[in-house]
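Okay, here's what each chain looks like letter by letter:
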Amino acid sequence: MTERPEPDRPLAPIARTYWTVEALLYGVPLVAAALLVGHFLRDASGGGLHLLGVLVPALAVAVTLFRVVVLPTLRVRRWRWRVDDDELDLRRGAVVEVRTIIPVSRIQHVDLRRDAIDRLFGVRRVIVHTAAGATEIPVLPDAEAAHVRDRIAGLIRRPDDL
């Protein structure tokens, strides 16, 4: 039996910055809310919840720093993908590595998705749909994402579809 090759295609070079900005967009409101909650806990506690009023904002800052500084680098290092005539092969994960292999014969349709952050960075997501659900290849440059979508769409056509 031949060994399956590892996926070797990286995401867009901008992926680390993309995930950093995405984490900031969620992290800044989280820290602001935690600071507000911490303030109320310290003021309303009469001393009893003072420690909790300090810990809540500190935890929010620590989680946000991890998501902004560490997580994007880990995700970029791990994320790889490959499409061939038989399968879509994805390797991803920051802390836990996940490898997903989708036989082309199981793919029902494929599309592109682009939200506001994607537009800002000039990237798209390729979404592959199977009966089991959807899987995506995130943060691909616009032209490459369109090429991948077209390649997969070409592979999933059956002779009776033509």
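Along every chain, residues carry numbers that run from 1 in the direction the sequence is written. For a predicted model such as this one, the threshold for reporting local features is a pLDDT of at least 70, and the threshold for listing and counting side-chain atom pairs is 80 or more; totals across whole chains, interfaces and linings nevertheless cover every residue. For side-chain calculations, the full set of non-hydrogen atoms in the structure is used, while hydrogens and water are omitted.

Q: Please clarify how the pattern of salt bridges should be interpreted in this entry.
A: Pairing between side chains becomes possible if they bear opposite charge and their charged atoms approach one another. Salt-bridge detection follows one rule: a side-chain nitrogen of Lys or Arg within 4 Å of a carboxyl oxygen of Asp or Glu. If you walk through the whole model with that rule in mind, you get 17 salt bridges. Among the salt bridges present, the one from D84 reaches R82, with a minimum N-O distance of 2.4 Å. Note on classification: 1.4 Å probe, protein chains only; a residue is buried when its accessible area is under 20% of the maximum for its type, exposed when over 50%, partly exposed between these limits. Residue R82 is classed as buried on the basis of its relative accessible area of 10%. Look at the salt bridges and you will find they share partners, linking R4, E6, R82, D84, E87, D89, R91 and R99 into a network.

Q: Hey, could you run me through the pairing of strand β6 (residues 133–141) in this one?
A: The two faces of the sheet receive side chains in turn, since in a regular strand these alternate between them. Sheet topology note: the strand β5 (residues 123–130)/β6 ladder contains 7 bridges and is antiparallel. If you follow T130 over to β6, its bridge partner there is G133. Should DSSP find at least two bridges between two strands, the strands are regarded as paired. The numbering of helices and of strands both runs from the N terminus, where a helix is a DSSP run of H or I of at least 4 residues and a strand a run of E of at least 2. Between β5 and β6, which follow one another and run antiparallel, lie 2 residues.

Q: So what exactly am I meant to see when it comes to the packing of aromatic side chains here?
A: Any Phe, Tyr or Trp ring, taking Trp's six-membered ring, that has another such ring centre within 6.5 Å forms a pair; planes under 30 degrees apart are called stacked, those over 60 apart edge-to-face, and the others tilted. Under the defined criterion, the tally for this structure stands at 1 aromatic pair. Of note, R75 hangs over the ring of W19, and the distance from its end group to the ring centre comes to 3.9 Å. Placement of a positive charge over a ring is assigned whenever Lys NZ or Arg CZ falls within 6 Å of the ring centre and within 35 degrees of the normal to the ring plane.

Q: Help me understand helix α2 (residues 50–78), please; the structure alone is not making it clear to me.
A: Because each turn of an α-helix spans 3.6 residues, side chains separated by three or four positions end up pointing in the same direction. Taking 1.5 Å per residue as the helical rise, α2 with its 29 residues ought to reach 42 Å, and the 41 Å between its terminal C-alpha atoms agrees with that figure. Helix geometry: α2 is bent most strongly at L71, by close to 40°, with proline P72 lying one to four residues after it. The criterion used for residue contact is that any of the two residues' heavy atoms lie within 4.5 Å. Buried residues in α2 make contact with α1 (15–44). Between the first and last residue of a helix there are one fewer steps than residues, each counted as 1.5 Å, and that sum is the expected span. The angle separating two fitted axes, one through the seven residues that finish at a residue and one through the seven that start at it, defines the bend at that residue.

Q: Explain the packing of α1 against α2 to me, please; I cannot follow it from the model alone.
A: Contact geometry of α1 with α2 gives a least axis separation of 8 Å together with a crossing angle of 175°. One finds that α1 runs roughly antiparallel with respect to α2. The nonpolar class holds Ala, Val, Leu, Ile, Met, Phe, Trp, Tyr, Cys and Pro. Asp, Glu, Lys and Arg form the charged class, and all remaining residues, Gly among them, are polar. Here the contact of α1 with α2 is composed, by residue class, of 20 nonpolar, 7 polar and 5 charged. Interaxial angles span 0 to 180 degrees and are taken between N-to-C directions of axes, which are lines fitted to C-alpha atoms, for helices over the stretch in contact. Any angle that falls under 35 degrees is termed roughly parallel, while one over 145 is termed roughly antiparallel, one within 65 to 115 roughly perpendicular, and all others oblique.

Q: I would appreciate a short explanation of the sheet that holds strand β1 (residues 80–83) in the present structure.
A: Each strand in a sheet pairs with its neighbour through backbone hydrogen bonds, running either in the same direction (parallel) or in the opposite one (antiparallel). Ordered in space as β1-β2-β3, the 3 strands form an open sheet in which the pairing is antiparallel. Strand pairing shows two members of the sheet lacking a second neighbour, β1 and β3 (98–103), which therefore form its edges. Geometrically, the sheet is characterised by an average inter-axis angle of 5° between neighbouring strands, direction not taken into account. Sheet topology places strand β2 (residues 87–92) next to β3; 6 bridges connect them, and they run antiparallel.

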